[in-house]
Amino acid sequence: MCDTRMINNAETLVCEAVNKAFEALRPGAARVTADGLYDKKGNVPLPVATARHFCFRLLHDVYGLPYSAIAQRAGMNAASVIKKVRKVRSMMFTDEIYKAVASFIDEELKINN
């Protein structure tokens with residue numbers, strides 16, 4: 001159904017971008033790894049939540065995965081994933097951290113294409 005290698009690469013790319021952004025803007029923040037992206041439920045640290053949200057957006061908007069497939073991988077329901085993607089789309093233009101993460105991801109995608 002979905003290419004697991006592509007999803008893993010997207011998750012790794014997003015985690016690297018989030019780590020770079022938080023390193024520049026909030027030194028000492030927790031680092032995010034692709035392995036621990038979906039481990040915790042409920043109140044997750046900001047870097048992990050940011051990485052999840054951007055990962056959902058990247059997988060849906062760039063790679064065209066359906067919300068249901070993303071939700072299944074994350075252990076969430078599709079409505080939650082849709083809400084997080086909508087949040088990223090609006091906050092990329094207003095929040096400093098989200099702007100930085102989006103620019104790191106866009107740079108990396110341009111380099112790889």
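The shown structure was predicted, so the numbers you read here are calculated from the model rather than taken from an experiment.

Visitor: Outline helix H4 (residues 78-91), supporting the account with residue identities and numerical values.
Guide: Here H4 spans 20 Å end to end across 14 residues, near enough to the 20 Å set by a 1.5 Å rise per residue. Along H4, the residues classified as buried are Val81, Val85 and Val88. Buried residues along H4 cover an arc of 60° about the axis, so they all sit on one side. Seen from the open side of H4, the exposed residues pointing more than 90 degrees away from its buried face are Ala79 and Arg86.

Visitor: Now, about the environment of Val18: what can you tell me, with residues and values included?
Guide: Assignment of secondary structure puts Val18 in helix H1 (residues 4-25). Overall, Val18 belongs to the buried group, its relative accessible area being 0%. Residues Val18 and Leu109, spaced 91 residues apart in sequence, show a C-alpha to C-alpha distance of 14 Å.

Visitor: Explain the environment of Lys41 to me, and be specific about the residues and the numbers.
Guide: Following the sequence through the fold, Lys41 ends up in the loop between H1 and helix H2 (46-62). Look at Lys41 and you get partly exposed, because its relative accessible area is 48%. Spatially, the C-alpha atoms of Lys41 and Met76 are 9.4 Å apart, while their sequence positions differ by 35 residues. Among the polar contacts made by the side chain of Lys41, one reaches the main-chain carbonyl oxygen of Ala74 at a distance of 2.9 Å.

Visitor: Can you break down the packing of H2 against H4 residue by residue, with the values?
Guide: As a packed pair, H2 and H4 sit with axes 8 Å apart at the nearest point and diverge in direction by 95°. Relative to H4, H2 is oriented roughly perpendicular. Residues His53, Phe54, Phe56, Arg57, His60 and Asp61 of H2 pack against Val81, Lys84, Val85, Lys87, Val88 and Arg89 of H4. Considering only residue class, the contact of H2 with H4 consists of five nonpolar, two polar and five charged.

Rules used throughout
- Residues numbered from 1 in each chain as written.
- Predicted model: local features only at pLDDT ≥ 70, side-chain atom pairs only at ≥ 80, totals over all residues.
- Heavy atoms only, no water.
- Helix = DSSP H or I, 4+ residues; strand = E, 2+ residues; numbered from the N terminus.
- Expected span 1.5 Å × (residues − 1).
- Buried < 20%, exposed > 50% of the residue type's maximum accessible area, 1.4 Å probe, protein only.
- Arc of directions from axis to C-beta.
- Polar contact = N/O pair within 3.5 Å; in protein donor to acceptor, adjacent residues only side chain to side chain.
- Axes fitted to C-alpha atoms, helices over the stretch in contact; angles between N-to-C directions.
- Parallel < 35°, antiparallel > 145°, perpendicular 65-115°, else oblique.
- Contact = heavy atoms within 4.5 Å.
- Nonpolar A, V, L, I, M, F, W, Y, C, P; charged D, E, K, R; others polar.

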